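# Tertiary structure, described
Each chain, written out:
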Amino acid sequence: MHHSRFSILHLKFPILLLLSLACCLWLSNPPSIAQPENLATSEMTNANKLVQQGVDYYQAGDYQAAIKPWENALKFYQDTSNHEYSATVQENLARAYQKIGDIEEEIRYWKQAINNYEELRDQRQMGLVATELAQAYSRFGQSRKAIALLCGSSDAQEAVTCTGGSLEIAKQFADREGEMAALGSLGEAYRLRGKYERAIARFKESLEIAQELNNLVAQASNLNNLGNAYWTIAQLTNSYANSAQQRGAKNREREYLENALSEYNQALTYFQESLQLASSQNDLFAQMRALQFIKRYHRLEEVRQRLKAIRPWATGSPMHENPSLLVSASLSPHLSLNVEATIQQVLELLNQLPDSRDKVYAAIELAQLKPLTSVDDPSQPNYCYKRQLEGQAETLLNLAVSIAQKLEDYRAQSFALGELGHTYECYQDYQKALEFTQQAQWAANQNLSAKDSLYLWQWQAGRIFLAQGKKTEAINAYQQASATLNDIGSDLLIAQQYQKFDFRDAINPFYREFVQLRLELAESSLAADSQEYQEELEFALETIDCLKMTELQNYSAYDCALIPISQERVDKLVGEKTAIFRSIILSDRTVILVSLPNGKKRLEWINTDSQTLQDEINEFRRGLERSRDIIYNPKPAQELYHKIIAPFTADFESAQIETLVFIQDGILWSIPMAALHDGKKFLVESYAIAITPSLQLTNPQTLNRNKLRVLALGLSEASEVNGHKFPALRNVEAELQAVEAQFPGSTVLRNGDFTEERLKDELDQATYAILHIATHGQFSAIQRNTFLVTGNNGHLTLEDLESTISNVSHQPNFGELLALTACQTAVGDDREVLGLAGIAVLSGVNSALASLWSIDDASTPQLVTEFYANLRRPGVSKAEALRAAQRTLIEAKKREEIKDKYDHPYYWAPFILIGNWL
């Protein structure tokens with residue numbers, strides 16, 4: 001006998017595309033429940049009544065009350081081995097826990113439901129529930145698990161084509177609604193992983209099915225998802241514009257702003273289309289998206305005003321050719337907005353909505369709303385500002401707190417209470433601010449689903465204590481926040497819907513504040529030769545390393561986990577004659593921390609504010625690139641030397657230091673330390689030099705010289721990629737010949753043979769210790785604009801290169817060195833150099849030799865020849881091999897053996913060694 005289901009949400013409506021929207025729209029009354037013949041009638045009736053009781057509570061918005069009767073009914077169905085009814089109640093429980101923000105319990109019940117459907121051999125329903133479980137994983141920050149469920153791929157790199165999972169199950173059963181749901185969920189998981197192009201493609205496929213089915217709810221959901229994807233891209237691009245603005249790179253700032261403007265406009269178009277569809281259905285929750293439209297319209301206007309202020313337009317810029325694009329791109333007629341009227345409409349809608357988690361967050365966001373005239377300060381993530389609804393903000397936040405407490409939604413409570421605390425922090429009413437902040441901490445501690453917000457309120461408490469002059473309490477609060485960040489990991493942070501988008505806005509400032517607080521306290525209260533002082537410096541080193549690891553993973557947006565090596569292996573890596581430099585740039589000065597082989601640590605402050613230091617560094621870098629200067633001016637190099645290196649030279653002499661390793665911060669990434677000058681000679685003439693993102697991510701393995709097989713690829717011909725012309729590289733052929741001469745039997749792919757396919761084929765067929773690539777490399781903070789030029793006007797993205805190398809990195813003796821000798825990074829752009837560092841760490845190679853700017857000159861083949869000749873000598877480290885090659889060009893001038901130009905650092909300084917320097 002067949003028994004109908006009584007799931008309140010899924011029933012005949014298995015599609016859950018947009019998490020918050022779908023759960024509100026697809027409620028329906030449960031059908032009558034048939035009684036199985038093999039069960040006692042009274043017992044079955046009681047269980048069914050419990051189910052109906054839970055349904056009534058749920059539909060009344062009392063989700064917490066719905067849980068107990070459903071759990072009691074579930075126990076009966078499980079005791080009687082009724083897998084079908086058990087599965088359906090488990091789905092209901094999963095949705096109830098979703099409503100109160102307990103994602104752990106939600107996930108547990110989705111898994112139990114899948115197990116029951118497996119017992120029933122109901123593959124179609126397994127696929128549908130797997131899609132819902134995938135959505136929960138995405139909300140929990142575990143989007144890789146979501147992709148595996150949806151796409152059937154256990155590979156963290158996520159294959160582009162799905163081979164299984166709930167998406168393929170839906171296709172197998174010709175279930176278009178199930179396919180639509182899986183595609184939408186897959187798009188969201190890709191968006192969270194930073195795979196924006198894949199995300200957009202999946203959302204568009206899901207939208208096409210929704211249109212085919214005339215499913216207006218799903219259409220609105222997918223349009224909103226597309227808006228979110230483009231908005232995320234725009235936010236990222238805008239953060240690059242902020243970075244370019246801070247370093248004074250007007251052309252790059254303009255480029256990024258133009259890209260962001262187009263992306264914001266596209267996002268807002270999708271949002272408005274979604275809003276119009278949802279409004280046509282008279283759905284109150286969907287209409288609340290107008291709130292998001294207001295916030296996002298503000299950002300578009302801000303970018304538009306910034307672009308208008310940048311004059312003149314750069315030659316070749318679309319805005320230069322047609323300035324009217326500025327208006328048409330940002331302010332299409334259908335995107336005009338009456339802000340005051342829309343806000344009033346939103347407030348009226350808020351009053352009509354039933355109490356729910358969505359209503360809580362809507363109230364919070366209304367309270368946070370800024371006037372259109374305000375401009376965000378990207379360097380101050382927790383700054384205070386005048387609010388659009390200044391007189392109503394507290395009322396709205398108290399409403400949010402009240403609803404969240406009624407729903408027993410601890411995560412929503414934590415955000416509402418935390419924002420209320422921040423409001424009083426801005427009013428400088430620190431007693432009330434601390435009370436609400438501590439209540440927010442309590443709420444965030446109630447379950448793991450809420451804990452991802454805990455560090456925000458611990459950090460906020462630290463700021464409040466600091467404002468009150470309570471430094472000890474402030475340090476304790478910061479310490480708790482640091483421990484929380486380490487505990488929850490980066491995955492949960494990815495899922496935070498209600499915090500700033502970019503890592504530099506969200507977490508980076510916390511680490512900097514914490515390090516500064518600890519070091520300043522140590523400087524003022526501890527003797528420099530005391531054990532306590534050394535312990536404080538050790539703590540600062542650990543915090544900086546944590547910052548660097550998180551920063552690299554955030555920048556890369558790749559999916560591999562960064563697994564630190566043991567301290568024992570770190571000690572092996574450092575050796576007896578190596579000094580480690582760590583820097584951290586603060587607003588008013590810069591910290592330089594040096595670790596010496598004897599365990600001693602030295603701290604120095606550069607008492608120069610960050611803007612002045614940035615200007616000095618940019619002047620230094622530009623001077624290095626002015627190859628036409630007949631006489632090189634070493635003054636900027638000398639000034640930086642005396643600030644960064646000179647305070648430690650006596651320590652280097654006593655410890656007999658031979659190698660300097662730099663773990664750089666910010667703009668310091670963008671300069672070659674080898675070119676610093678002590679007044680008599682360059683730094684590289686005294687020390688071997690390397691850089692690394694983190695010691696904990698650097699493999700200490702020494703070079704195996706017995707099997708140095710090389711795969712060399714080069715492009716000497718002129719090329720055109722995406723409309724951008726790249727000139728011929730005249731000296732690439734000589735460079736490839738130099739590699740062949742040093743490593744007979746090497747494989748060389750030139751020009752038309754240098755393609756992504758041939759590269760993959762060669763790496764699959766043989767093991768290469770060295771991968772040498774001589775071609776144009778364009779690095780940008782925007783990853784889609786970061787690529788290597790290949791033959792036949794092709795290109796290889798940084799992500800594809802990393803993925804290609806990672807696929808074979810497990811081979812023995814593979815990946816000792818990746819050489820990229822014609823790259824080009826922008827002056828002062830640390831994000832672009834982080835891209836180079838990311839290859840070294842994330843692809844699995846031990847080291848990378850790269851150039852900060854491209855040099856099409858006979859000096860490059862000469863340097864490459866010297867580097868590889870030195871590398872083949874026993875006992876010579878990679879850092880020493882590079883140092884010797886660079887010194888060859890410097891000293892040849894002194895002996896007058898070559899033209900007098902090669903002593904100019906332009907020709908040898910851009911080559912940097914990243915990662916393992918042994």
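Residues numbered from 1 in each chain as written. Predicted model: local features only at pLDDT ≥ 70, side-chain atom pairs only at ≥ 80, totals over all residues. Heavy atoms only, no water.

This part covers the overall build of the chain. Each helix and strand in the chain was counted, giving 37 helices and 17 strands. In the chain, which comprises 918 residues, the proportion classed as buried is 61%. For the chain, the share of sequence-separated contacts (at least 6 apart) that also reach a separation of at least 24 residues comes to 72%. With the model as given, the accessible surface of the chain reaches about 35,400 Å², and the carbon-plus-sulfur share is 46%. (Helix = DSSP H or I, 4+ residues; strand = E, 2+ residues; numbered from the N terminus. Buried < 20%, exposed > 50% of the residue type's maximum accessible area, 1.4 Å probe, protein only. Contact = heavy atoms within 4.5 Å. Areas by Shrake-Rupley, 256 points an atom, 1.4 Å probe, with all protein chains shown as cover.)

Glancing now at the sheet that holds strand β13 (residues 794-797). Strand order in this open sheet of 4 strands is β13-β12-β11-β15, and the pairing throughout is mixed. Where the open sheet ends on each side, the last strands, each with one partner, are β13 and β15 (823-824). By the bridge criterion, 2 bridges tie strand β11 (residues 777-778) to strand β12 (residues 787-790) in an arrangement that is antiparallel. By the bridge assignment, glutamine 778 is partnered in β12 with phenylalanine 787. Against the sheet, helix α34 (residues 798-806) engages β12 and β13, with an angle of about 70° to β13. (Pairing = 2+ DSSP bridges. Axes fitted to C-alpha atoms, helices over the stretch in contact; angles between N-to-C directions.)

Glancing now at the nonpolar core. The biggest cluster of nonpolar side chains holds 156 residues, and the ones touching the most others in it are Trp70 and Tyr77. Grouped together as the second largest cluster of nonpolar side chains are 85 residues, Trp669, Leu676, Leu849 and Ile855 included. (Core = buried A, V, L, I, M, F, W, Y, C linked by side-chain atoms within 4.5 Å.)

Moving on to the packing of aromatic side chains. Any aromatic ring pair is given by two values, namely how distant the centres are and how the planes are angled relative to each other. In total, this model carries 31 aromatic pairs according to the counting rule given. When the centroid spacing of 5.8 Å and the interplanar angle of 20° are considered together, the rings of tyrosine 230 and tyrosine 270 count as stacked. With a gap of 40 residues between them, tyrosine 230 in helix α11 (residues 216-246) and tyrosine 270 in helix α12 (residues 250-280) connect regions that are remote in the sequence. On the basis of relative accessible area, tyrosine 230 is assigned to the buried category, the value being 17%. (Phe/Tyr/Trp six-rings, centres within 6.5 Å; stacked < 30°, edge-to-face > 60°.)

Moving on: the confidence of the model for the chain. Mean pLDDT over the chain stands at 82; residues scoring 70 or higher make up 81%. Every residue in residues 1-39 scores below 50 in pLDDT, and together they form 124 contacts with partners more than four places removed in sequence or on other chains. Residue range residues 491-501 is modelled with pLDDT below 50. Its contacts to residues more than four positions away, or to other chains, number 40 contacts. (pLDDT = per-residue confidence, 0-100.)

Turning next to the pattern of salt bridges. Within the structure shown, the criterion is met by 37 salt bridges. A salt bridge links glutamate 212 to arginine 176; the shortest N-O distance between them is 2.6 Å. In this pair, glutamate 212 sits in helix α10 (residues 196-212) while arginine 176 sits in helix α9 (residues 176-192), placing the two residues 36 residues apart along the sequence. Since its relative accessible area comes to 48%, glutamate 212 is described here as partly exposed. For arginine 176, a relative accessible area of 31% gives the class partly exposed. Overlapping salt bridges bring together Lys600, Arg602, Glu604 and Asp651 as one network. (Salt bridge = Lys/Arg side-chain N within 4 Å of Asp/Glu carboxyl O.)

To continue, consider unusual backbone geometry. For glutamine 656, which is not glycine, the phi torsion reads 55° and is therefore positive. Inspection of the secondary structure assignment puts glutamine 656 in the loop between α31 (649-655) and β4 (659-663). Phi is positive for asparagine 792, which is not a glycine, with a value near 60°. One can find asparagine 792 in the loop between β12 and β13.

Most of β4 is tucked away, with 5 of its 5 residues classed as buried. The side-chain alternation of β4 yields two buried faces, one formed by Thr659, Val661 and Ile663 and the other by Leu660 and Phe662. As paired elements, strand β1 (residues 578-585) and β4 share 5 bridges and run parallel to each other. Among the inter-strand pairings, isoleucine 580 is bridged to a residue of β4, identified as valine 661. In this sheet, strand β5 (residues 688-691) lies alongside β4 in parallel orientation, the contact comprising 4 bridges. Bridge assignment links valine 661 to a residue of β5, and that residue is alanine 690.

It is worth spelling out a negative patch on the surface at this point. A cluster of like negative charges, contributed by Asp588, Asp609, Asp615, Glu619 and Glu639, occupies part of the molecular surface. Along the chain, aspartate 609 turns up in the loop between β3 (601-606) and α29 (610-625). For aspartate 609, a relative accessible area of 32% translates into the label partly exposed. (Patch = residues over 30% accessible without salt bridge, like charges linked within 9 Å, V, L, I, M, F, W, Y side chains within 5 Å. Lys, Arg positive; Asp, Glu negative; His and termini not counted. Charge placed at Lys NZ, Arg CZ, Asp CG, Glu CD.)

Enumeration according to the criterion identifies 8 cavities of 30 Å³ or more in this entry. Every element with two or more residues in the lining of the largest cavity is listed here: β5, α37 (878-894) and β17 (911-915). When its residues are assigned to classes, the lining of the largest cavity shows 12 nonpolar, 1 polar and no charged. The computed volume of the second largest cavity comes to approximately 70 Å³. Residue lining of the second largest cavity: Leu729, Asn731, Val732, Glu735, Thr821, Ala822, Ser854, Ile855, Asp856 and Thr860, and that is the complete set. (1 Å grid on protein atoms, 1.4 Å probe; cavity = no way out; pocket = protein on both sides within 12 Å on 5 of 7 lines; lining within 4 Å. Points joined across faces, edges and corners; volume = space filled by probe spheres on them. Nonpolar A, V, L, I, M, F, W, Y, C, P; charged D, E, K, R; others polar.)

What follows deals with the environment of glutamine 664. Note on placement: glutamine 664 falls in the loop between β4 and β5. Judged by relative accessible area, glutamine 664 falls into the buried class, the value being 4%. The sequence separation of glutamine 664 and isoleucine 584 amounts to 80 residues, and the corresponding C-alpha distance is 7.5 Å.

Time to look at the pairing of strand β2 (residues 590-595). Counting buried positions over the 6 residues of β2 gives 6, a clear majority of the element. Residues Thr590, Ile592 and Val594 line one face of β2 and the alternating positions Val591, Leu593 and Ser595 line the opposite face, and both faces are buried. Pairing geometry for β1 and β2, over 6 bridges, is antiparallel. Counted as the bridge partner of arginine 582 is leucine 593 from β2. Here β1 folds back onto β2, and the loop between the two strands holds 4 residues. Sheet analysis places β2 next to β3, joined by 6 bridges and oriented antiparallel. The partner of isoleucine 592 across the bridge, within β3, is glutamate 604. Connecting the antiparallel pair β2 and β3 is a turn made up of 5 residues, with glycine 599 showing a positive phi of about 90°.

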